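Here is what each chain is made of, one letter per residue.
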Amino acid sequence: MDLPEGAWDMIDFHTHPLLVQEMIARHPELERAAREIFYIGNRFQPLETFLLEMDVSGLRRAVLLPIETTRSRGLPIYTAEQIAELVAMAPGRFTGFASVDPLAPDAAGRLERAVGDLGLRGLKLSPPSQDFYPDDPAVYPLYERAQELGIPVVVHTGMSWEPGARLAWGHPLHLEPVLADFPDLHVVATHFAWPWSWEVAALALKYPNLSLDTAALYFDNPDDFIADLFVRRVSLTLIERSLRHQVVFGSNYPRVEIKNMARAVRRSGLSKRTLRLVFRDNARRLLGEVDE
């Protein structure tokens, strides 16, 4: 399938492949993971729908994010092996991340195997879903291994409606000890940590190893979320002058359609130069595809 003009290597850094029919047919337990753990009620769709959603949004690739929730919820939201399987189904279109239980004694080893044996390119952690604080010293061996591997760590920050999830687990200030103690570890705070967007912006100003993604979480539509975020809360000026190299595009698909989030970010008032950084260059740098 031909991609729209301008789609070359533009990346969605925050997607969850919960609706892919082909994967649910192969792994029926993914239906329960989608409905009972991720709480997504949308209809399941063929993989082609996911790819078309990327195409019409002008995006070449999507980062696939699992969450290892076996300890906390009884079942993972995708395993590393399943993410690798889906990546192989659409060559060139997906970049797979791993997720491990951060409190497991062998967490660092599991991550290393997922990267070395399966070719996954990063780590996803969700403190509200995995029931832990990001600055717990028990997680430090995992951060150390991720830093050694040179991979980014995407961490859920901000609001979570999930039953049983504590808001405190998603507060971005719990990332500060990690950012300070692992200066060569690239961390991506999701959802711009809404409603603590000002706090996470302050962290990003202080720590260059922190990036922020645009994935809408709370508002009913991306246009209102981005307007609130980039005008009333953080401001376009701060992004343009100080954080333009630390923001990546993320849609939070399938909770938000990729095309709607991409349109909202493009309409935000950011300059063309900054939009190129947000949609492509910053993500490629985090993935180690361009020089620092």
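Residues numbered from 1 in each chain as written. Predicted model: local features only at pLDDT ≥ 70, side-chain atom pairs only at ≥ 80, totals over all residues. Heavy atoms only, no water.

A look at the nonpolar core
Here is a general trend for soluble globular proteins: nonpolar side chains tend to be buried in one another's company. With 90 residues, the main nonpolar core has Phe50, Phe94, Leu111, Tyr143, Phe192, Leu210 and Phe249 as its most contacted residues. Tallying contributions element by element places helix 13 (residues 258-266) first for this core, with 5 residues. Non-local contacts of Leu111, meaning those with residues more than four positions away in its chain, are made with Ala98, Val100, Leu123, Leu142, Ala146, Leu149 and Ile151. Counting 11 residues, the second largest nonpolar core, distinct from the first, contains Val63, Leu65, Val154 and Ala283. (Core = buried A, V, L, I, M, F, W, Y, C linked by side-chain atoms within 4.5 Å. Buried < 20%, exposed > 50% of the residue type's maximum accessible area, 1.4 Å probe, protein only. Helix = DSSP H or I, 4+ residues; strand = E, 2+ residues; numbered from the N terminus. Contact = heavy atoms within 4.5 Å.)

Some words on the confidence of the model for the chain
Averaged over every residue, the pLDDT of the chain is 94; residues scoring 70 or more account for 96%. Counted against residues more than four places away or in other chains, residues 1-5, with its pLDDT under 50, gives 9 contacts. (pLDDT = per-residue confidence, 0-100.)

Points about unusual backbone geometry
A negative phi angle characterises most non-glycine residues, just as the trans form characterises most peptide bonds. In this chain, Trp194 is followed by Pro195 through a cis amide linkage whose omega measures 10°. Between Tyr253 and Pro254 the backbone carries a cis peptide bond, its omega angle lying at 10°. Along the polypeptide, Pro254 turns up in the loop between strand 8 (247-248) and helix 13. Phi is positive for Asp131, close to 55°, though the residue is something other than glycine. Located in the positive-phi region is His191, a residue other than glycine, with phi close to 60°. Positionally, His191 belongs in the loop between strand 6 (187-189) and helix 10 (197-206). Taking the relative accessible area as the measure of exposure, His191 reaches 2% and is therefore buried.

Digging into the pattern of salt bridges
Within the structure shown, the criterion is met by 20 salt bridges. The salt bridge involving Glu148 is made with Arg145; its shortest N-O contact spans 3.3 Å. Highlighted residues: Glu148 and Arg145, both in helix 8 (residues 140-149), separated by 3 residues, approximately one helical turn. Overall, the relative accessible area of 55% leaves Glu148 in the exposed class. With relative accessibility at 24%, the residue Arg145 sits in the partly exposed group. (Salt bridge = Lys/Arg side-chain N within 4 Å of Asp/Glu carboxyl O.)

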